[in-house]
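Structural overview
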Amino acid sequence: MFRRIPYLLAKNKGREGAPYKVVKRLPTTIYDITSTEAKELPTKLKVNFFSPNEIFAEEIEADQIILSSATQGQIGILPGHVPIVTPLKPSVVAITTGNQTKKVFVSGGFALVKNDSVVDIAVAEGFDLTQFDATTAHKLLEKHQTNLAAPKDEMDRIRSQIAVDVMESLNEALKAEGIH
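First, a word on scope: everything that follows refers to the structure included in this document.

The next subject is the side chain of Ser51. Examined against the element boundaries, Ser51 turns out to sit in the loop between β3 (45-50) and β4 (55-62). Among the residues examined, Ser51 registers a relative accessible area of 11% and is labelled buried. With sequence-adjacent residues up to four places away left out, Ser51 is seen in contact with Phe56, Val123 and Ala124.

Right, dumping it as structure tokens:
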């Protein structure tokens, strides 16, 4: 969030008859850029990860998160990451704590990284990758590709395109994880 104000009016106590003076000012952010104190970076992320039906993580401490933004590609988030809000595309969200990594396939959603290393991830649906069968996922992809090739109407085409996008992402994730 930038305030793009090139000039601010400030009270001028030094000149008679001129109640205000123009003061040049650089754009400011949500951070206090005038502070000279060195701030220590946090060592852990605090993660809240949920869908309407399930809570995957609630205020857990994590070392890093890897997710796929719909607009910025794959993002690695470490403690002290700059604040962002990004939409998520169908992909795997990986949360690493110590030597354990929890991987959840999401159909889409949003991630919000706050300036205090709190990460909120809200998704429409999410499932542990180990819950999927690669053969079934591949068959579903073929079925939706067939539907996309000959849609009944525009709504059917849109639904099929969304299903194909999700199933392609799921099949890629399963292949990357070596799930057959």
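Core analysis: the largest hydrophobic core is formed by 21 residues, its most contacted members being Val47, Phe49, Ile65, Leu67, Ile77, Val93 and Ile121. Those residues in contact with Val47 that lie beyond four places of it in its chain are Ala57, Glu58, Glu59, Ile60, Ala62, Ile65, Ile95 and Val119. Core analysis: the second largest hydrophobic core is formed by 12 residues, Phe105, Ala137, Leu141 and Leu174 among them.

Counting buried positions over the seven residues of strand β8 (residues 91-97) gives six, a clear majority of the element. Bridge analysis of strand β5 (residues 64-69) against β8 gives three bridges, and the strand direction is antiparallel. Residue pairing in the sheet places Gln64 in a bridge with Thr96 of β8. One ladder, built from seven bridges, connects β8 with strand β9 (residues 100-106); its direction is antiparallel. Paired with Ile95 across the two strands is Lys102, which belongs to β9.

Under the defined criterion, the tally for this structure stands at three aromatic pairs. Between Phe49 and Phe56 the ring centres are 4.8 Å apart and the planes differ by 40°, which places this aromatic pair in the tilted class. Using a relative accessible area of 1% as the deciding quantity, one classes Phe49 as buried. Seen in terms of ring centroids, Phe127 and Phe132 are 6.0 Å apart; in terms of plane orientation they differ by 80°. Their pairing is edge-to-face. For Phe127, a relative accessible area of 37% corresponds to the partly exposed category. Under the relative-accessibility criterion, Phe132 is labelled partly exposed at 22%. Feature note: the residues Phe105, Phe127 and Phe132 constitute an aromatic cluster, connected by ring pairs.

By the definition in use, this model includes four salt bridges. Of the charged contacts in the structure, one is a salt bridge between Lys114 and Asp120, with a shortest N-O distance of 2.9 Å. Residue Lys114 is classed as partly exposed on the basis of its relative accessible area, which comes to 32%. On the basis of relative accessibility, which here comes to 16%, the residue Asp120 falls in the buried class.

With that settled, the discussion passes to the packing of helix α1 (residues 134-149) against helix α2 (residues 154-177). Two elements in contact, α1 and α2, have axes whose closest approach is 8 Å; the angle formed by their N-to-C orientations is 150°. Viewed along their axes, α1 and α2 adopt a mutual orientation that is roughly antiparallel. The interaxial crossing formed by α1 with α2 has left-handed handedness. Contacts between α1 and α2 involve Ala134, Ala137, His138, Leu140, Leu141, His144, Gln145, Asn147 and Leu148 from the first element and Asp156, Arg157, Ser160, Gln161, Ala163, Val164, Met167, Glu168, Leu170, Asn171 and Leu174 from the second.

Reading the values: the criteria
Residues numbered from 1 in each chain as written. Predicted model: local features only at pLDDT ≥ 70, side-chain atom pairs only at ≥ 80, totals over all residues. Heavy atoms only, no water. Helix = DSSP H or I, 4+ residues; strand = E, 2+ residues; numbered from the N terminus. Buried < 20%, exposed > 50% of the residue type's maximum accessible area, 1.4 Å probe, protein only. Contact = heavy atoms within 4.5 Å. Core = buried A, V, L, I, M, F, W, Y, C linked by side-chain atoms within 4.5 Å. Pairing = 2+ DSSP bridges. Phe/Tyr/Trp six-rings, centres within 6.5 Å; stacked < 30°, edge-to-face > 60°. Salt bridge = Lys/Arg side-chain N within 4 Å of Asp/Glu carboxyl O. Axes fitted to C-alpha atoms, helices over the stretch in contact; angles between N-to-C directions. Parallel < 35°, antiparallel > 145°, perpendicular 65-115°, else oblique. Left-handed = near helix turned anticlockwise from the far one by under 90°.

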